[in-house]
Amino acid sequence: MSWFSFSARAHKSSQNFLACDVGTASVAVGIVSISHGDVTAAHVTASERAALPLESTGPVTPDQMRTLLADTITRVLTTNTKRGGKAPQRVIAMVHAPWVNSETTRAANTFQTPRTVQPSDVGALAQEAAKDTKGLSGTIFERSVVRVELNGFQTRMPENKKAGRMSVVVMQSDIDPNFKQAIDSAFGMAIPGRVPEYHSAAFVINVVVERYAKNPAHYAFLDVTSAATALAAVRGSTMLEHGVAPIGWRTIVEKISAIQGTTRDEGLSRIRMLLDGSCTDPVCQGVADVLRVVETEFVTAYGKLFSETTKEYRLPGTLLIVAPPDLSAWFSQMLERVDFAQFAISERPFLVQQLYAQHLSSVVSFSEDSKPETGLAVLGAFVHTLASDDR
């Protein structure tokens, strides 16, 4: 049975958003429309995913991403205009590692005598928690109170409740300043007059899972991009630990192409053929042999990532993975097969769940000419949450 069970929520307003999923070396852009009366609240149209060529050498630069994002937004907006669509009123951008990094900090206060908690009490402790920026070195662009505890118990509405002790947990995210400048420029060129709202992928995914999944309280998730893997541990619906490993799915492609003497595009094609069972025996065997070699690199990197993230607490036993759909099965099988039990609370292999666009189909729909896309589906659900909360 799937971990996910989603339901749409009614709302009163009609809004158009420009949703942008910004990865390491790719972007997905679409128009997300929310209209009163829709059974499926968020509808994605005129969408497109674009990526830098796999054959590119060297690390991805902010300038490359600026051009890629600006050009993709321009094409999406042009398509939307030709179809008679309304111009987007808001711009939402979800940014992935390694461009962003997140950390969670806590501050607590014990009152001399129990007192009624005021908003200013929460704000003061949040400011205190936000002073701890250990692990953050870029431009902080996101800061949210993600948990409040009164007398040791989590509460969503602490104001006007009596407590002798209060603690506040704040999640902060930073972004590479050169990258931020580049994508600010991209939005300024492609959709002037709209100020983008930036969010980390960790924050957006956690909001969506907490709002719509059946069992969202305790889990860890891996966000696999082309050049990095971000890990976050969620406990009591609060994201508390974070980590990033400098290894992503592009490592697989590069290894295949180097060993087999193919282009990277051909290497990726061979991996896809193996995973969907459509390749010939000799090709399958060769790719399978290389994947076994690559697996050891991921096991080493992920083992180090898990170890660094579990210095105080082990990871929840459920692992949610967000990866390219055509490669996510390989990541899931590897994570279930390899013995990472020493890092899990359950002391058993992880129960791996994959997040696909179809898991959000009762909340987010795509037009016939827009391919269902996990990143845009997550953003669509997030936008639906924003629209619901704005009622």
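Just so it is clear, the structure is predicted and the values come from calculations on it, not from any experiment.

Give a detailed account of the sheet that holds strand β3 (residues 42-51), specifying residues and quantitative values.
The strand order across the open sheet built from six strands is β9-β4-β1-β2-β3-β15, with neighbouring strands paired in mixed fashion. Strand pairing shows two members of the sheet lacking a second neighbour, β9 (197-200) and β15 (364-366), which therefore form its edges. Along the sheet, successive strands turn relative to each other by an average axial angle of 30°, direction set aside. Taken together, the six bridges between strand β1 (residues 15-22) and strand β4 (residues 90-95) define a ladder with parallel strand orientation. Paired with Cys20 across the two strands is Ala93, which belongs to β4. Sheet strands touched by helix α1 (residues 62-82): β1, β2 (26-34) and β3. Its angle to β2, the strand with the most contacts, is close to 30°. Packing of helix α3 (residues 177-190) onto the sheet brings it into contact with β1, β4 and β9, and relative to β9 it is tilted by some 140°.

Can you lay out the sheet that holds strand β6 (residues 139-150) for me, pointing to particular residues and giving the numbers?
The strand order across the open sheet built from four strands is β5-β8-β6-β7, with neighbouring strands paired in antiparallel fashion. Unpaired on one side and paired on the other, β5 (100-116) and β7 (153-154) mark the two borders of the sheet. Where β6 lies against strand β8 (residues 162-175), ten bridges are found, and the strand directions are antiparallel. By the bridge assignment, Glu149 is partnered in β8 with Ser167.

With reference to specific residues and values, describe the environment of His96.
Its location among the elements puts His96 in the loop between β4 and β5. Considered as a pair, His96 and Asp21 are 75 residues apart in the sequence and their alpha carbons are 8.1 Å apart. If we ignore the near neighbours within four places in the chain, the residues touching His96 are Asp21, Val22, Gly23, Ala201, Asp223 and Thr225. At 2.6 Å, the side chain of His96 forms a polar contact with the side chain of Asp223.

Which residues make up the layout of surface pockets, and what values go with them?
What the largest pocket holds in volume is close to 940 Å³. Ser26, Arg49, Pro324, Pro325 and Glu373 are, among the 40 residues lining the largest pocket, the residues nearest its centre. Those elements giving two or more residues to the lining of the largest pocket turn out to be β1, β3, β10 (219-224), α6 (264-275), α8 (325-337) and α9 (374-389). When grouped by side-chain class, the residues that make up the lining of the largest pocket number 19 nonpolar, ten polar and eleven charged. Computed from the structure, the second largest pocket encloses a volume of approximately 720 Å³. Taken together, 20 residues form the lining of the second largest pocket, with Glu103, Thr104, Leu240, Glu241 and Glu312 sitting closest to its centre. Secondary-structure elements contributing two or more residues to the lining of the second largest pocket are β5, β12 (238-245) and α7 (281-309). Looking at the lining of the second largest pocket residue by residue, the class counts come to four nonpolar, eight polar and eight charged.

I'd like a rundown of the packing of α7 against α8, residues and numbers included.
Viewed as axis vectors pointing N to C, α7 and α8 meet at an angle of 65°, and their least axial separation amounts to 11 Å. The two elements α7 and α8 cross, and the hand of that crossing is right-handed. Side by side, α7 and α8 meet where Leu291, Val294, Glu295, Phe298, Val299, Tyr302 and Phe306 of the first sit next to Trp330, Phe331, Met334, Leu335 and Arg337 of the second. The class makeup of the residues in the contact of α7 with α8 is ten nonpolar, no polar and two charged.

Break down unusual backbone geometry for me, with residues and values.
Residue Pro98 follows Ala97 across a cis peptide bond; omega there is 10°. Relative to the assigned elements, Pro98 resides in the loop between β4 and β5. Of note, the phi angle at Ala46 is positive, near 50°, even though the residue is not glycine. Note that Ala46 resides in strand β3. Relative accessible area serves as the criterion here: at 7%, Ala46 is assigned to the buried category. Positive phi, normally seen in glycine, also occurs at Ser237, with a value near 65°. With respect to the helices and strands, the residue Ser237 is situated in the loop between β11 (229-235) and β12.

A description of the packing of aromatic side chains should follow, citing residues and the corresponding values.
To describe a pair of aromatic rings, one takes the distance between the centres and the angle between the planes. Here the structure, examined in full by the defined rule, presents 13 aromatic pairs. Taken together, a centroid distance of 6.3 Å and an interplanar angle of 80° make the contact between Phe203 and Phe382 edge-to-face. One end of the pair, Phe203, is in helix α4 (residues 201-212); the other, Phe382, is in helix α9, with 179 residues separating them in the sequence. Overall, Phe382 belongs to the buried group, its relative accessible area being 3%. Chaining the aromatic ring pairs together yields one cluster made of Phe298, Tyr302, Phe306, Trp330, Phe331, Phe340, Phe343 and Phe350. Stacked on the ring of Phe111, the Lys or Arg Arg115 has its end atom at 4.8 Å from the ring centre.

Got a sec to walk through the side chain of Ser328? Specific residues and values, please.
Inspection of the secondary structure puts Ser328 in helix α8. One polar contact links the side chain of Ser328 to the main-chain carbonyl oxygen of Pro325, over a distance of 3.2 Å. A distance of 2.7 Å separates polar atoms of two side chains, one belonging to Ser328 and the other to Tyr356. Excluding its chain neighbours within four sequence positions, the residues that come into contact with Ser328 are Ala323, Gln354 and Tyr356.

Got a sec to walk through the environment of Gly123? Specific residues and values, please.
Along the chain, Gly123 turns up in helix α2 (residues 119-130). Along the primary structure Gly123 and Ala213 are separated by 90 residues, whereas in three dimensions their C-alpha atoms are 29 Å apart.

Give me the nonpolar core: which residues, what numbers.
Grouped together as the largest cluster of nonpolar side chains are 42 residues, with contacts concentrated most on Ile205, Val208, Phe221, Val364, Val378 and Phe382. Within the second largest apolar cluster, 38 residues are counted, among which are Leu319, Phe331, Val338 and Ala344.

Rules of the game
- Residues numbered from 1 in each chain as written.
- Predicted model: local features only at pLDDT ≥ 70, side-chain atom pairs only at ≥ 80, totals over all residues.
- Heavy atoms only, no water.
- Pairing = 2+ DSSP bridges.
- Helix = DSSP H or I, 4+ residues; strand = E, 2+ residues; numbered from the N terminus.
- Axes fitted to C-alpha atoms, helices over the stretch in contact; angles between N-to-C directions.
- Contact = heavy atoms within 4.5 Å.
- Polar contact = N/O pair within 3.5 Å; in protein donor to acceptor, adjacent residues only side chain to side chain.
- 1 Å grid on protein atoms, 1.4 Å probe; cavity = no way out; pocket = protein on both sides within 12 Å on 5 of 7 lines; lining within 4 Å.
- Points joined across faces, edges and corners; volume = space filled by probe spheres on them.
- Nonpolar A, V, L, I, M, F, W, Y, C, P; charged D, E, K, R; others polar.
- Left-handed = near helix turned anticlockwise from the far one by under 90°.
- Buried < 20%, exposed > 50% of the residue type's maximum accessible area, 1.4 Å probe, protein only.
- Phe/Tyr/Trp six-rings, centres within 6.5 Å; stacked < 30°, edge-to-face > 60°.
- Lys NZ or Arg CZ within 6 Å of the ring centre and 35° of its normal.
- Core = buried A, V, L, I, M, F, W, Y, C linked by side-chain atoms within 4.5 Å.

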